[in-house]
Amino acid sequence: MSMKQIDSSIFRAYDIRGTYPDQLNEDVVYHVVRAYAEKLKPKLAVVGRDMRLSSPSLTEQAIQALLDGGSDVIDVGLTTTPMYYYSVNVLNANAGVMVTASHNPKAYNGLKLTGPLATPSIDYISNDDLYKDASAADFETPSKPGRIIDRTSMIDRYTRDVLEASGINKFGGLKLVVDAGNGMDGIVLPELFKNADCEVIPLYWDPDGNFPNHEANPLKEETLDDLKQKVLETKANLGIAYDGDGDRVGFVDETGKHIPGDIVTAILAKTMLKEKPRAEIIYDVRSSWSVKEEIEKAGGKPVMWKVGHALIKKKMREIGAYFGGELSSHYYFQKFYITDNGDLAMLTMLKTILAEGKPLSEIAKPIMRYFHSEEINSKVADPAAKIAEVKECYQNGRIIELDGMTIEFDDWWFNLRPSQTEPVLRLNVEAKTKDLLESKVSEILGIVRAVPAKVSS
């Protein structure tokens, strides 16, 4: 396979994703996994897959690549990403391959590659180098090929251990509507709730790579329409929505309102700090001021960090953080292998609601005290030059150059950061009043999109 036959755009900042079969196909998966195995030389690798229509054939090639590279393989079959991370850890594997495109639409597939302890692949090899090695296809022949050690489901072990880690065994008779979006959590949820003393109303629990009902992406408000309607219709206590591979989870309160991921971070952080007082808690640069404030109020040490699961996990290991959360609804747990886990986040939310003795709307309301924009994308020719231009306009603010650029003023702040995969700038703005938010969004977009605007601070 020559260099030009692999599309470099499938190598995202942390994962590998593209449309099947034009960008990402069986040959591409074989070469990428073979190159990764060549770098890590794992004795034992775990392989899992999601329910996408192309996943079985792509998984076959991933396994073959590992075997040809001399690695033994345990195939855990259909799995969520959190259960895959768990499997790499408890089976003491040296590497792992998960065939999934997470929350992406039906046409996509991809790979989540990990090393020992389910640490992200970019800790061992950059995606640029992986692309080059896969394209060159200059692979060594091992002294003997690997073999398939086992084909096994990890659902029973995983659900037992995630329930134990959550510390919740009574569900207080809550009424829950849970939307799996025809994604992989549909195989885990029946086991999680098997003996639970609560009423669970399932939505779309059958894994189906056609996504017949809606995209499995709780960040898109329209994908929550059925969940909101069912919560109101059944007078449920809570609505829960998973993405396609189960590593992200969104929440809808009893009034049918979606609670943003950063606010959920603040809510869950307070529960985690009861388990480990004064712990470090990580939140990403797009998160509300209230996240930092709530962590401090609960006695924790807030740590702002870069966006992205691979970067947050690395930082958690470096500083020993106990919990982390992102605006994108990823939640990270030190006590569960320093991985993001939608199930553990969901169970922790139930534990919080029961402990507080009040509905989610009442828990969230005082934390949602500022006005926050959605993430707004703008295509620009030169992202770095545009960031410099914006910085010049707001240089009298408090400037934090951690991930892109965050600039804070007394009554508002914004973060402007480049996409890792396309010539796009992503803007998040928060203010103490709605009018100020709207004026600042318009003002900054005027600069970013090269429309003249009067600037004040």
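Rules behind the numbers
- Along each chain, the written sequence defines residue order, and numbers are assigned to residues from 1.
- Whole-chain, interface and lining totals are the exception, using all residues; otherwise, since this is a predicted model, local features are given only for residues with pLDDT of at least 70 and side-chain atom pairs are given and counted only at 80 or more.
- Note: side-chain values were computed over all heavy atoms of the structure, leaving out hydrogens and water.
- Each reported salt bridge corresponds to a side-chain nitrogen of Lys or Arg within 4 Å of a carboxyl oxygen of Asp or Glu.
- Helix and strand labels come from DSSP, where a helix needs a run of H or I of at least four residues and a strand needs a run of E of at least two; each type is numbered from the N terminus.
- Throughout this description, buried means an accessible area under 20% of the type-specific maximum (1.4 Å probe, protein chains only), exposed means over 50%, and partly exposed covers the range between.
- Contact definition: two residues touch when any of their heavy atoms are within 4.5 Å.
- Fitting a line to C-alpha atoms yields each axis, with helices limited to the stretch in contact; the angle taken between N-to-C directions then spans 0 to 180 degrees.
- Angles below 35 degrees are treated as roughly parallel, those above 145 as roughly antiparallel, those between 65 and 115 as roughly perpendicular, and all remaining angles as oblique.
- Whether a crossing is left-handed or right-handed is set by the direction in which the near helix is turned from the far one by less than a right angle, anticlockwise for left-handed and clockwise for right-handed.
- Only Asp, Glu, Lys and Arg are considered charged in this grouping, and only Ala, Val, Leu, Ile, Met, Phe, Trp, Tyr, Cys and Pro are considered nonpolar; every other residue, Gly among them, is considered polar.
- The set of buried Ala, Val, Leu, Ile, Met, Phe, Trp, Tyr and Cys residues whose side-chain atoms join them within 4.5 Å is what this entry labels a nonpolar core.
- Distance and chemistry together define a polar contact, namely a pair of N or O atoms within 3.5 Å, with one atom able to donate a hydrogen and the other to accept it when in protein, and with adjacent residues in sequence counting only for side-chain atoms on both sides.
- Any two rings among Phe, Tyr and Trp, with Trp reduced to its six-membered ring, count as a pair given centres within 6.5 Å; such a pair is stacked if its planes are under 30 degrees apart, edge-to-face if over 60, and tilted if neither.
- Charge-over-ring placement is defined geometrically: NZ (Lys) or CZ (Arg) within 6 Å of the ring centre, and within 35 degrees of the ring normal.
- Think of a 1 Å grid over the protein atoms and nothing else: a 1.4 Å probe that fits but is trapped marks a cavity, an open set flanked by protein within 12 Å on at least five of seven lines marks a pocket, and residues with an atom within 4 Å of a point count as lining.
- Grid points are joined across faces, edges and corners, and a volume is the space filled by probe spheres set on the points.
- A pair of strands is considered paired only if DSSP assigns at least 2 bridges between the two.

Novice: Now, about the pattern of salt bridges: what can you tell me, with residues and values included?
Specialist: Using the criterion set out here, one finds 29 salt bridges in the structure. In this structure, Arg 286 and Glu 326 form a salt bridge, with 3.6 Å as the shortest nitrogen-oxygen distance. One end of the pair, Arg 286, is in the loop between strand S12 (280–284) and helix H9 (289–297); the other, Glu 326, is in the loop between strand S14 (323–325) and strand S15 (331–333), and 40 residues separate them in sequence. Glu 326 carries the same exposure label as Arg 286, and that label is buried. Each of the salt bridges in this network shares a partner with another, and the network as a whole consists of Lys 270, Glu 293, Glu 294, Lys 297 and Arg 369.

Novice: Account for the environment of Leu 53, naming residues and giving values.
Specialist: For Leu 53, the location among the structural elements is in the loop between strand S2 (44–49) and helix H2 (55–68). Taking relative accessible area as the criterion, Leu 53 reaches 56% and is therefore assigned exposed. Spatially, the C-alpha atoms of Leu 53 and Lys 106 are 8.4 Å apart, while their sequence positions differ by 53 residues. Sequence-distant contacts of Leu 53, that is, excluding residues within four places in its chain, are made with Lys 106, Gly 209 and Asn 210.

Novice: Help me get a handle on the side chain of Thr 159, residues and values and all.
Specialist: By secondary structure assignment, the location of Thr 159 is in helix H5 (residues 155–166). Residue Thr 159 is classed as buried on the basis of its relative accessible area of 6%.

Novice: Tell me what's going on with the packing of H5 against helix H11 (residues 342–356), and back it up with residues and numbers.
Specialist: Remark: H5 packs on H11, axes separated minimally by 9 Å, with the N-to-C direction vectors making an angle of 40°. Relative to H11, the element H5 is oriented oblique. Along this stretch, H5 crosses H11, giving a crossing that reads as right-handed. In this structure, H5 uses Tyr 158, Val 162, Leu 163, Ala 165 and Ser 166 to contact H11, whose residues at the interface are Asp 343, Leu 344, Leu 347 and Lys 351. Looking at the contact of H5 with H11, its residues break down into 6 nonpolar, 1 polar and 2 charged.

Novice: An account of the packing of helix H8 (residues 261–275) against H9 is requested, with residue identities and associated values reported.
Specialist: Where H8 contacts H9, the axes come no closer than 9 Å and their chain directions differ by 10°. Comparing their axes, H9 and H8 come out roughly parallel. The residues of H9 that touch H8, namely those facing Asp 262, Ile 263, Thr 265, Ala 266, Ala 269, Lys 270 and Leu 273, are Ser 290, Val 291, Glu 294 and Ile 295. By residue class, the composition of the contact of H8 with H9 is 6 nonpolar, 2 polar and 3 charged.

Novice: Please set out the nonpolar core residue by residue, giving values where relevant.
Specialist: Buried together is how nonpolar side chains tend to be arranged in soluble globular proteins. With 74 residues, the main nonpolar core has Phe 193, Leu 238, Phe 251, Met 346, Met 349 and Leu 350 as its most contacted residues. Of the residues forming this core, the biggest block, 8 residues, is contributed by H8. Not counting residues up to four positions away in its chain, the partners in contact with Phe 251 are Leu 238, Gly 239, Ile 240, Lys 257, His 258, Ile 259, Val 264, Ala 345, Met 346, Met 349 and Leu 360. Residues Phe 11, Ile 16, Val 29 and Leu 130 belong to the second largest nonpolar core, which totals 33 residues.

Novice: Give me the environment of Lys 194: which residues, what numbers.
Specialist: Along the polypeptide, Lys 194 turns up in the loop between helix H6 (189–192) and strand S8 (199–203). Polar contacts involving the side chain of Lys 194 include one to the side chain of Glu 191, which spans 3.0 Å.

Novice: Mind laying out the packing of aromatic side chains, listing which residues take part and the relevant values?
Specialist: Following the criterion strictly, the structure yields 15 aromatic pairs and no others. Look at Tyr 84 and Tyr 85: their rings are 5.5 Å apart centre to centre, the planes differ by 40°, and that puts the pair in the tilted class. As far as the burial class goes, Tyr 84 and Tyr 85 line up, both buried. With 5.8 Å between their ring centres and 10° between their planes, Tyr 86 and Phe 336 make a pair best called stacked. Of this pair, Tyr 86 sits in helix H3 (residues 81–90) while Phe 336 sits in the loop between S15 and strand S16 (339–340), and the two are 250 residues apart along the sequence. Taken as a pair, Tyr 86 and Phe 336 share a single burial class, namely buried. Counting every residue linked through ring pairs, the aromatic cluster contains Tyr 86, Tyr 158, Phe 336 and Tyr 337. Its guanidinium or amino end placed over the ring of Trp 305, Lys 315 lies 4.2 Å from that ring's centre, counting from NZ or CZ.

Novice: Describe the layout of surface pockets, with residues and values.
Specialist: Of the pockets and cavities examined, the second largest pocket occupies roughly 220 Å³. Taken together, Ala 37, Glu 38, Lys 41, Pro 42, Lys 43, Gly 69, Gly 70, Ser 71, Asp 72, Glu 140, Thr 141 and Pro 142 make up the lining of the second largest pocket.

Novice: Describe the pairing of strand S21 (residues 412–418), and please don't skip the residues or the numbers.
Specialist: Across the 7 residues that make up S21, a large majority, 6, are buried. Strand direction decides the pairing type here: strand S20 (residues 405–408) and S21, joined by 4 bridges, are antiparallel. Residue Thr 406 lies in a different strand from S21, and its bridge partner there is Asn 415. With antiparallel pairing between neighbouring strands as the criterion, S20 and S21 make up a hairpin whose turn holds 3 residues. As paired strands, S21 and strand S22 (residues 424–431) are joined by 7 bridges and run antiparallel to one another.

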